[in-house]
Amino acid sequence: MAGERNPCQIVFDVQKLGDDYVFVITGGKAHIGASATAYYYEDQLQVEGVALPRHKEWELARELALQAAEQLGVTVTVVMGIHVDQASREMIDSIIVFVRQEMNRQLVKVGNASS
């Protein structure tokens, strides 16, 4: 999309594990801050995860895992670690927007590859 930029060298690494997927999303100082796994159990979409203390990636990791599992119909784990020293609210907002847009692109790519 025009005018969009990658605010802190965010990287998506997508791995297919059998029918399932792992999305590793890092940026700035890469690390593991949170992980979320979304899956179907008895026809209900569930999500479980872990957030490390003082890390704020959990809500976004959860959102993306649920979105991907629903769209792909398989189990999806999102591992996320994005750190920018003294990030402003504006920087955090631009990271969130970029990550959501990139996840949508990745899901289109994955969906096209599996059809």
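Preceding this paragraph is the structure being described.
Let me begin by describing the structure that accompanies this report. (Residues numbered from 1 in each chain as written. Predicted model: local features only at pLDDT ≥ 70, side-chain atom pairs only at ≥ 80, totals over all residues. Heavy atoms only, no water.)

## So, the environment of L72
Short version of the rule: Helix and strand labels come from DSSP, where a helix needs a run of H or I of at least four residues and a strand needs a run of E of at least two; each type is numbered from the N terminus. Residue contacts are counted whenever heavy atoms from the two residues lie within 4.5 Å of one another.
Its location among the elements puts L72 in helix 1 (residues 58–72). For the pair L72 and M103, spaced 31 residues apart in sequence, the C-alpha to C-alpha distance is 12 Å. The residues touching L72, leaving out its near neighbours within four places in the chain, are Y21, L107, V110 and G111.

## Things to note about helix 2 (residues 89–113)
Here is the rule: Helix span is expected to be 1.5 Å times the residue number reduced by one. Relative accessibility thresholds used throughout: buried, under 20% of the residue-type maximum; exposed, over 50%; partly exposed, between the two (1.4 Å probe, protein chains only).
Its 25 residues place the ends of helix 2 36 Å apart at the C-alpha level, agreeing with the 36 Å of an ideal helix rising 1.5 Å per residue. Taken as a whole, helix 2 has its buried residues at I95, F98, V99, E102, M103, Q106, L107 and V110. Residues of helix 2 that are buried in the fold lie against strand 1 (11–17), strand 2 (20–28), helix 1 and strand 5 (76–83).

## Focus: the packing of aromatic side chains
Here is the rule we go by: Under the pairing criterion, centres of Phe, Tyr and Trp rings, with the six-membered ring standing for Trp, must be within 6.5 Å; the plane angle then separates stacked pairs below 30 degrees from edge-to-face pairs above 60, leaving the rest tilted.
The tally for this structure, following the rule as stated, stands at one aromatic pair. Aromatic pair Y21 and F23: ring centres 6.3 Å apart, planes at 35°, arrangement tilted. Residue F23 is classed as buried on the basis of its relative accessible area, which comes to 1%.

## Concerning the pairing of strand 2
Taken residue by residue, a regular strand's side chains alternate between the two faces of the sheet. Applied cut-off: Paired strands, in this sense, are two strands between which DSSP finds at least two bridges.
Alignment of strand 1 against strand 2, held across seven bridges, turns out to be antiparallel. If you follow V11 over to strand 2, its bridge partner there is T26. Hairpin connection, strand 1 to strand 2: the antiparallel pair is bridged by two residues, and G18 has positive phi, about 65°. When strand 2 meets strand 5, the two strands line up parallel, connected through eight bridges. Bridging across to strand 5, I25 finds its partner in M80.

## Some thoughts on the side chain of Q106
Of note, Q106 is situated in helix 2. Leaving out residues up to four positions away in the same chain, Q106 has contacts with F12, V14 and F23.

## What to know about helix 1
Between its first and last C-alpha atoms helix 1 spans 21 Å; for 15 residues at 1.5 Å apiece the expected length is 21 Å, and the two agree. Residues L60, A61, L64, A65, L66, A68 and A69 constitute the buried set of helix 1. On the buried face of helix 1, the contacting elements are strand 2, strand 3 (34–41), strand 4 (44–51), strand 5 and helix 2. Looking one or two residues past helix 1, G73 carries a phi angle of roughly 75°, positive in sign.

## Let's talk about the layout of surface pockets
Left-over empty space is what a probe sized like a water molecule reveals as it rolls over the atoms. Our working definition: The distinction between a cavity and a pocket rests on a 1 Å grid over the protein atoms alone: a 1.4 Å probe fits inside a cavity but cannot get out, while a pocket stays open yet meets protein on both sides within 12 Å along at least five of seven lines, and a residue with an atom within 4 Å of a point counts as lining. Grid points are joined across faces, edges and corners, and a volume is the space filled by probe spheres set on the points. Side-chain classes are defined by residue name, with Ala, Val, Leu, Ile, Met, Phe, Trp, Tyr, Cys and Pro counting as nonpolar, Asp, Glu, Lys and Arg as charged, and the others, Gly among them, as polar.
In this model, the largest pocket occupies a volume close to 560 Å³. With four residues, helix 2 is the single largest residue contributor to the lining of the largest pocket. Partitioning the lining of the largest pocket into residue classes produces eight nonpolar, three polar and seven charged.

## Overview of the pairing of strand 4
Sheet topology note: the strand 3/strand 4 ladder contains eight bridges and is antiparallel. Residue T37 lies in a different strand from strand 4, and its bridge partner there is E48. The turn joining strand 3 and strand 4, which pair antiparallel and follow one another in sequence, is formed by two residues; a positive phi near 50° is taken by E42.

Nothing here speaks to function; it is all geometry.
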